[in-house]
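Read off the chains here:
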Amino acid sequence: MVKLFVGGNPVGTLADAEKVIAEVIARNQRIEFRDDSGELVGTFIPRQQPVPEPIIPWEPDVTQEEIDRRMAEPGFTFEEVKKRLGWE
């Protein structure tokens, strides 16, 4: 029989895995699977929550308010940009 351990303490058997794993993921803890002799059979390490990517990766400190301010400013049409770049 396979037993589940968290922090060195038994927390259930493989039959309890669905409940135990859900709780352990919520607490971001590691689970060890051990056989009847106590030998380590496997390990489950919950994946860390990803760090959200900034809205503008090349300018990570920009705030949503600053983005809104920039969006409210008048801009250039594509035709105006081409003229300014000398493409026309």
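Residues numbered from 1 in each chain as written. Predicted model: local features only at pLDDT ≥ 70, side-chain atom pairs only at ≥ 80, totals over all residues. Heavy atoms only, no water.

### Describing the sheet that holds strand β2 (residues 9-13)
No. 1: Across the sheet, four strands lie side by side as β2-β1-β3-β4; this open sheet has antiparallel pairing. Whereas interior strands pair on both sides, the edge strands pair on one side only; in this sheet they are β2 and β4 (40-44). Averaged over all pairs of adjacent strands, the angle between strand axes in this sheet comes to 30°, irrespective of strand direction.
No. 2: Of the pairings in the sheet, the one linking strand β1 (residues 3-6) to strand β3 (residues 31-34) comprises four bridges and is antiparallel in character. Residue pairing across strands places V6 opposite I31, the latter belonging to β3. (Pairing = 2+ DSSP bridges. Helix = DSSP H or I, 4+ residues; strand = E, 2+ residues; numbered from the N terminus. Axes fitted to C-alpha atoms, helices over the stretch in contact; angles between N-to-C directions.)

### Here we look at a nonpolar patch on the surface
No. 1: A surface patch of nonpolar side chains, about 580 Å² in accessible area, is lined by F76, F78, V81, L85 and W87.
No. 2: Classification of W87 by relative accessible area gives exposed; the value is 57%. (Patch = residues over 30% accessible without salt bridge, like charges linked within 9 Å, V, L, I, M, F, W, Y side chains within 5 Å. Areas by Shrake-Rupley, 256 points an atom, 1.4 Å probe, with all protein chains shown as cover. Salt bridge = Lys/Arg side-chain N within 4 Å of Asp/Glu carboxyl O. Buried < 20%, exposed > 50% of the residue type's maximum accessible area, 1.4 Å probe, protein only.)

### Side note on the pairing of β2
No. 1: Judged from the four bridges that link them, β1 and β2 form a sheet pairing that is antiparallel. If you follow K3 over to β2, its bridge partner there is T13.
No. 2: Hairpin remark: β1 followed by β2, antiparallel, with two residues in the connecting loop; positive phi at G7, about 60°.

### Overview of the confidence of the model for the protein chain
No. 1: Here the protein chain shows a mean pLDDT of 88. Residues at 70 or above account for 100%.
No. 2: Looking at the elements of the protein chain, mean pLDDT is at its lowest for helix α1 (residues 17-27), recorded as 83, and at its highest for helix α3 (residues 78-84), recorded as 94. (pLDDT = per-residue confidence, 0-100.)

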